Amino acid sequence: MSETRALRDKLEETQAELRRTKAHLEKLRAHHAREQEALREELEAARREVARLGVRLQELETLGHELPLEALPASLEALLPERSLATSTALVALVRQPASMEGAIPALSRVLRLSAVDLRLRLAAMPPIVLARVALSEVEALQEALRAEGFVTVSREVPPRMGGGMMTVRRFTLEERGMVLDGTRGERQQVLYPELRLLVRGRRIQAATEARAERGAEAELAGFVMMGVEAKQEQYGQFLWAYGEGVRVAFSRETGFAGLGAQRGLSSFDSLQRLMEELRGRAPQVVIDERFMKAPRFSLPLVEEERSHELFADLLDQAVQEGLWP
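First, a word on scope: everything that follows refers to the structure included in this document. (Residues numbered from 1 in each chain as written. Predicted model: local features only at pLDDT ≥ 70, side-chain atom pairs only at ≥ 80, totals over all residues. Heavy atoms only, no water.)

Helix and strand counts for the protein stand at seven helices and ten strands. Out of the 326 residues belonging to the protein, those deemed buried represent 38%. Sequence separation of 24 or more characterises 67% of the internal contacts of the protein that already satisfy a separation of 6 or more. Carbon and sulfur atoms make up 52% of the accessible area of the protein, which amounts to about 20,000 Å² in all. (Helix = DSSP H or I, 4+ residues; strand = E, 2+ residues; numbered from the N terminus. Buried < 20%, exposed > 50% of the residue type's maximum accessible area, 1.4 Å probe, protein only. Contact = heavy atoms within 4.5 Å. Areas by Shrake-Rupley, 256 points an atom, 1.4 Å probe, with all protein chains shown as cover.)

Written out as structure tokens, the structure is:
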């Protein structure tokens, strides 16, 4: 009976701990939601201020007046969307899993001021493991504090949502020394094979909205009026991302693979695989990461879900660039 009672007490203690953990996670989710909402509000306020200043400038130009440079507010640059708080931050991440989880958590908790529960959740992710998102001015001090505790870290600025994405390749040509890339927006870039350092192969789930017409309930008797509705679907998108010195490009379903010649595959999947192998042969120094092939639904803490794959790859590229990976 004493053993049964001990087991029952242990079970009740475990259940109580699970309830406390659940409550803590709910508080964290609510806190993160509030942070994101505050960032969105600040971004919208900055955009409105920029629009107001733009209208004022146009009015002065229309009146034939030249607006002196010193008349502009000194904080104008900070009001631009790409300079707002939402984008003037960086992610700080561990390059590899700690050798001892129990030994790492107290040290990380002291430096980051995070609970053990939150840290366990973050450390369960594949490396580079995002620990924090901080202002650019705080990155160096945080990394020094983490390195003083024996952790190997990297950081990467979070690029702006507008204009901060990768160049999407429409078509390419593989030449002897490099490749010529033409983007979907008319860009052109020449990349030498020795400049490549990382290829990220994967797939991710992307939301697609499809417009459909349905008969309205009130108009069903008349049989004439149709209602426009939007049906949201999820699609798997294949990609190959290439990183290097001045290189940050994406091969995807928008890419034509005529540049592969006779090696062109029967599908986008085959063509991307063959392009990756071709680049591996021409740039033997390149690091290849294919973990996203098994993780199409992927999320990072402290970032928008739709940008998780891209920002994770940026951190991985930084680790490769600094010689910390693999």
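Counting residues in each nonpolar core, the largest one holds 27 residues, and the members touching the most others are Val-200 and Trp-241. Within the residue set of this core, elements represented by two or more residues are strand S1 (89-94), strand S7 (196-215), strand S8 (226-244), strand S10 (287-292) and helix H7 (308-321). Excluding residues within four positions of it along the chain, Val-200 makes contact with Phe-239, Leu-240, Trp-241, Tyr-243, Asp-289, Phe-292, Ala-313 and Leu-316. Formed by 23 residues, the second largest nonpolar core is a distinct cluster that contains Leu-196, Leu-240, Val-247 and Leu-260. (Core = buried A, V, L, I, M, F, W, Y, C linked by side-chain atoms within 4.5 Å.)

Turning to the sheet that holds S1, a few remarks are in order. Within the open sheet, the three strands sit side by side as S2-S1-S3. Their pairing is antiparallel. One side of each edge strand has no neighbouring strand; the edge strands of this open sheet are strand S2 (129-135) and strand S3 (153-157). Strand-to-strand twist across the sheet, computed as the mean angle between neighbouring axes with direction ignored, equals 25°. Sheet topology places S1 next to S2; six bridges connect them, and they run antiparallel. (Pairing = 2+ DSSP bridges. Axes fitted to C-alpha atoms, helices over the stretch in contact; angles between N-to-C directions.)

Next up on the list: the environment of Ala-250. With respect to the secondary-structure elements, Ala-250 resides in strand S9 (residues 247-251). Look at Ala-250 and you get buried, because its relative accessible area is 7%. As for Ala-250 and Met-167, which are separated by 83 residues in sequence, their C-alpha atoms are 6.0 Å apart. Excluding residues within four positions of it along the chain, Ala-250 makes contact with Met-166, Met-167, Thr-168, Val-169, Leu-240, Trp-241 and Thr-255.

Further remarks concern unusual backbone geometry. Between Pro-127 and the following residue, Pro-128, the backbone shows a cis peptide bond with an omega angle of 0°. Checked against the element boundaries, Pro-128 lands in the loop between helix H4 (116-123) and S2. In this model, Trp-325 is joined to Pro-326 through a cis peptide bond whose omega is 0°. Among the secondary structure elements, Pro-326 is positioned in the segment after H7.

Next up on the list: the pairing of strand S4 (residues 167-174). One ladder, built from two bridges, connects S4 with S9; its direction is parallel. For Met-167, the partnering residue across the bridge sits in S9 and is Val-249. Across five bridges, the pairing between S4 and strand S5 (residues 178-183) is antiparallel. Within S5, the residue paired with Phe-172 across the bridge is Leu-181.

Attention shifts here to the environment of Pro-160. For Pro-160, the position within the fold is in the loop between S3 and S4. Here the alpha-carbon distance between Pro-160 and Thr-89, two residues 71 residues apart in the chain, equals 9.7 Å.

What follows deals with the side chain of Arg-133. Here Arg-133 lies in strand S2. Among buried Asp, Glu, Lys and Arg side chains, Arg-133 stands out as unpaired, with Glu-304 the closest opposite charge at 4.4 Å. Side chain to side chain, Arg-133 and Thr-89 meet in a polar contact 2.8 Å long. (Lys, Arg positive; Asp, Glu negative; His and termini not counted. Salt bridge = Lys/Arg side-chain N within 4 Å of Asp/Glu carboxyl O. Polar contact = N/O pair within 3.5 Å; in protein donor to acceptor, adjacent residues only side chain to side chain.)

Attention now moves to the packing of aromatic side chains. Centre-to-centre distance and the angle between the planes together describe a pair of aromatic rings. With the rule as written, the count across this model stands at seven aromatic pairs. With a centroid separation of 5.6 Å and an interplanar angle of 90°, the aromatic rings of Phe-172 and Phe-251 are classed as edge-to-face. Taken as a pair, Phe-172 in strand S4 and Phe-251 in strand S9 lie far apart in primary sequence, 79 residues in all. For the pair Phe-172 and Phe-251, a shared accessibility class is recorded, and that class is buried. Against the face of Phe-239 rests Arg-204, its NZ or CZ located 5.9 Å from the ring centre. (Phe/Tyr/Trp six-rings, centres within 6.5 Å; stacked < 30°, edge-to-face > 60°. Lys NZ or Arg CZ within 6 Å of the ring centre and 35° of its normal.)

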